[in-house]
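Coordinate analysis (summary)
Each chain is listed here by its residues.
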Amino acid sequence: MATQTQYYNLTKPAGNENVDISVINNNMDIIDEKLHEAIEGQGATYLTATLLSTGWTGETAPYTYNLTLEGITADSDGLIAVADTATDEQYQSAVTAMLRKTAQAENSLTIKAYGEKPTTDIPIIVRLG
């Protein structure tokens, strides 16, 4: 009697059964679909935000910025980068600020500036996944 695999219910004919090509084709369709879902699921999602110059707290480095951004989860792989749309001044401000994401929660990122406190708004991109 045929059995099923644990995760995707692929049909495994018993050793004494004749092989039915439709069973093999059905298994191949299931494998194809699951592989496609896995590969598509590895694509990254990008969110945009702006770190406002007025949003930094602290009198000395590291300065802290608590960013609320819908779509972030506590365990999503959130990486930050300066957006391509940043002006030279904004990019320089980000570089001298020495930005680093230090915490993440539901719809929230904490970013610290270990250098100079930013005096311009900095557009960022958050990569998830």
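The paragraphs below set out a description of the structure included in this document.

With that settled, consider the side chain of Q104. Structurally, the position occupied by Q104 is in strand β6 (residues 99-105). Given a relative accessible area of 18%, Q104 falls into the buried group. Of the polar contacts made by the side chain of Q104, one reaches the backbone oxygen of S76; its length is 2.4 Å. Once you skip the residues sitting within four places of it in the chain, Q104 turns out to touch I72, T73, A74, D75, S76, D77, G78 and L109.

Further remarks concern the packing of aromatic side chains. Evaluated as defined, the whole model comprises one aromatic pair. With 5.1 Å between their ring centres and 65° between their planes, W56 and Y65 make a pair best called edge-to-face. Grouping residues by exposure puts W56 and Y65 together as buried.

Here we take up the sheet that holds strand β4 (residues 63-68). Taken together, the three strands give an open sheet; going across it, the order is β4-β7-β6, and neighbouring strands pair in antiparallel fashion. A strand with exactly one partner marks an edge of an open sheet, and here the two such strands are β4 and β6. In this sheet, neighbouring strand axes are inclined to one another by 25° on average, regardless of whether the strands run parallel or antiparallel. Bridge analysis of β6 against strand β7 (residues 108-113) gives six bridges, and the strand direction is antiparallel. Among the inter-strand pairings, A105 is bridged to a residue of β7, identified as S108.

Cut-off values and rules
- Sequence positions are assigned chain by chain, starting from 1 and proceeding in written order.
- Per-residue local features are limited, in this predicted model, to residues with pLDDT of at least 70; the limit for side-chain atom pairs, both in listing and counting, is 80 or more; totals at the level of whole chains, interfaces and linings are taken over all residues.
- Heavy atoms throughout the structure, all of them, feed into the side-chain values; hydrogens and water do not.
- Put simply, DSSP H or I for four residues or longer makes a helix, DSSP E for two residues or longer makes a strand, and each gets a number counted from the N terminus.
- Each residue's exposure class comes from its accessible area (1.4 Å probe, protein chains only) as a fraction of the maximum for that residue type: buried when under 20%, exposed when over 50%, partly exposed otherwise.
- Polar contacts here mean pairs of N or O atoms no more than 3.5 Å apart (in protein, one a potential hydrogen donor and the other a potential acceptor; neighbouring residues in sequence count only if both atoms are side-chain atoms).
- Here, two residues are considered to be in contact whenever any of their heavy atoms come within 4.5 Å of each other.
- Pairs were defined over the aromatic rings of Phe, Tyr and Trp, the Trp ring being its six-membered one, requiring ring centres within 6.5 Å. Orientation was assigned from the angle between planes: stacked under 30 degrees, edge-to-face over 60, tilted for the rest.
- At least two DSSP bridges between two strands are needed for those strands to be called paired.
- Between N-to-C directions, angles span 0 to 180 degrees; the directions come from axes that are lines fitted to C-alpha atoms, helices contributing only their stretch in contact.

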